[in-house]
Structure formats: structure tokens, C-alpha cells
Amino acid sequence: MSDRPTAPIPPPAPEPPPRPPLPVGRLLLGIVLILLGLGWLLELTGAAELDWGIVWPVALIVVGLAIAVAAWQGRSRGGLVVLGIALTVLLTLGTAAEVPMGGGVGDRVERPSSLRDIPRRYELAVGKLTIELDRLRWSSTEVPGSVEVRAAVGLGQLVVEVGEGFPCVSVQARSGLGDVVVFGERASGITPEYRTEAVCLAAPVLELDLSVGLGKVEVRRG
């Protein structure tokens, strides 16, 4: 036998640290925000018109998938849960108040000058919609018995300014969650509503049917 010393056995090489899991949840959330931003930009520039009634449910589905992936990876998902709850509340209130999610986003001012300029219903998904009725005119020989204005906002504020040409106003205003203010009278909380029928003989009678899913409805004299 040889008396030479045995060479020491080197220790095993340390295993490389495990790669951190891919933050799929954050990636999906980023994709949702990018797509919403692009859709908003396209509508503001007039390049395209999106069906927001489809966009919001799809966004909720993507956020739900992101929460499931984050839970499977054992990662924090608090921000995704908050976003998912916000989208769920928005869609639920919009459905309960019969407020569509279509109509675009941003701030918009409508100033109809004749009865033909009034659409079947004004709609806005997110933002502030102001309807100014003080410029509304008609022939002195063809005074309408009533003028109906219907408007809906998904998330934001709806303001209707009534001109002096309407001495009589009938209002049905409601919000899924928020405030309803009609000529200084306020109702707040969950599903606040203001309803009154015009009791007068002067024509024309302005009939307002106004809805907001989450936010504020206000009717005031212009």
C-alpha cells in the first residue's frame, strides 16, 4: 500500500439559488392597464370607438386570472384584489342602476340647440358629462308639450343645467353609490334616488331621467 496521503475530497458545489417565479400577476395587470390606456387614447383622438360594455368584463376576467396565478405562486396579491373588487363594484352598480358601460371616457359637454339635437340617451362610461339646456330653442308656434332628456354615466359625474325656458321640471335621478343633488336637495349613500313629478300647466315640461352607477348626479339652473 502506498503511504501517500489521500487528496481531500472537495465539497460539493453549492446549488444555484432557485429562480424567482415570474411575476405573471403584475404582467397581466400591466397589460390590462396598457390596453385600457390605449383604448382611452384611441377614443380621445377619434381613431376608434370601443365597446366598453365588453372591455370592462374582459378586464375583470384578466384580473381574476392574475389573482389565481399569484395565489398559485404564493405571491402577494393585495393590489390585484383591490382592483378586482373595484371593477366588480363598478359593474354591479352599473347593472343595478341600469347604467351601461358604453359611451367612452373623459369629460364631455353637450349643448343641444334644437329638439333634433337631443339623442335617445346621452351615455358616458367614465368621466364627467355636462348637459347644458339653456340654449335649447323651438318655434314660438310649435311649443312642445314635453321634452324628454335621458342620460347615464357609469363612473363619475352627471350634471344637467336647466334653462329658464323650462318652468316645469320632472326629475327621476338615481345613483348606485354616491350623491344625488336636485335643485339643492341632496340624497347620499347607497342607491340614493330623487323622484318628483312636475305639477303645473305651463308648457313645455322638461322630463329628466338620469342615472350614475358610481358617482354624483346634479340638476341645477343654468
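Residues numbered from 1 in each chain as written. Predicted model: local features only at pLDDT ≥ 70, side-chain atom pairs only at ≥ 80, totals over all residues. Heavy atoms only, no water.

S.K.: Kindly report on the overall build of the protein chain, identifying the contributing residues and their values.
M.R.: Within the protein chain, the secondary structure is distributed over 3 helices and 7 strands. Listing every helix and strand of the protein chain by position from the N terminus yields α-α-α-β-β-β-β-β-β-β. Buried residues in the protein chain amount to 36% of all 222 residues. Intrachain contacts of the protein chain at a sequence separation of at least 6 include 65% that bridge at least 24 residues. Of the roughly 13,300 Å² of accessible surface on the protein chain, a fraction of 60% belongs to carbon and sulfur atoms. (Helix = DSSP H or I, 4+ residues; strand = E, 2+ residues; numbered from the N terminus. Buried < 20%, exposed > 50% of the residue type's maximum accessible area, 1.4 Å probe, protein only. Contact = heavy atoms within 4.5 Å. Areas by Shrake-Rupley, 256 points an atom, 1.4 Å probe, with all protein chains shown as cover.)

S.K.: Go over unusual backbone geometry, please, and point to the residues and values.
M.R.: The residue Phe183 is not glycine, and still its phi comes out positive at about 50°. The partly exposed category is assigned to Phe183, whose relative accessible area is 37%.

S.K.: So what's going on with the side chain of Glu132? Residues and values would help.
M.R.: Residue placement: Glu132 occurs in strand β2 (residues 122-132). Classification of Glu132 by relative accessible area gives buried; the value is 14%. Of note is the side chain of Glu132, whose polar atom sits 2.9 Å from the side chain of Arg111. Once residues within four sequence positions are removed from consideration, Glu132 is found in contact with Val109, Glu110, Arg111, Pro112 and Glu161. (Polar contact = N/O pair within 3.5 Å; in protein donor to acceptor, adjacent residues only side chain to side chain.)

S.K.: Please set out the pairing of strand β7 (residues 205-221) residue by residue, giving values where relevant.
M.R.: Counting buried residues along β7, 12 of its 17 residues qualify, which places the element largely inside the surrounding structure. Where strand β3 (residues 146-162) lies against β7, 16 bridges are found, and the strand directions are parallel. Bridged to Val159 within β7 is Glu218. Here strand β4 (residues 168-182) runs beside β7; their pairing, made up of 14 bridges, is parallel. Across the sheet, Gln172 pairs through a bridge with Asp209, a residue of β7. (Pairing = 2+ DSSP bridges.)

S.K.: Pulling in residues and values, what's your account of the pairing of β3?
M.R.: When you tally the buried positions in β3, you get 12 out of 17 residues, the bulk of the element. Bridge count for β2 against β3 is 10 bridges, and the pairing is parallel. By the bridge assignment, Glu132 is partnered in β3 with Glu161.

S.K.: Account for the pattern of salt bridges, with residues named and values stated.
M.R.: Counted under the stated rule, the structure contains 10 salt bridges. Residues Arg150 and Asp209 are paired through a salt bridge, measuring 3.8 Å at the closest nitrogen-oxygen approach. Here Arg150, found in strand β3, pairs with Asp209, found in strand β7; they are 59 residues apart in sequence, far enough to count as distant. Through salt bridges with shared partners, a single ionic network connects Glu161, Lys216, Glu218 and Arg220. (Salt bridge = Lys/Arg side-chain N within 4 Å of Asp/Glu carboxyl O.)

S.K.: Which residues make up the nonpolar core, and what values do they have?
M.R.: Ile131, Val149, Leu206, Leu208 and Leu210 are the most contacted members of the largest nonpolar core, which has 27 residues in total. Looking at this core, the elements with two or more residues in it are β2, β3, β4 and β7. Element by element, the count of residues in this core is highest for β3, at 7 residues. Those residues in contact with Ile131, other than ones at most four positions away along the chain, are Glu110, Tyr122, Val149, Ala151, Leu158, Val159, Val160 and Glu161. (Core = buried A, V, L, I, M, F, W, Y, C linked by side-chain atoms within 4.5 Å.)

S.K.: Any details on the environment of Glu193? Residues and values, ideally.
M.R.: Looking at the secondary structure, you find Glu193 in strand β6 (residues 193-196). Along the primary structure Glu193 and Ala173 are separated by 20 residues, whereas in three dimensions their C-alpha atoms are 5.7 Å apart. Sequence-distant contacts of Glu193, that is, excluding residues within four places in its chain, are made with Ala173, Arg174, Val180 and Ala187. Within polar-contact distance, the side chain of Glu193 engages the side chain of Arg195 at 2.7 Å.

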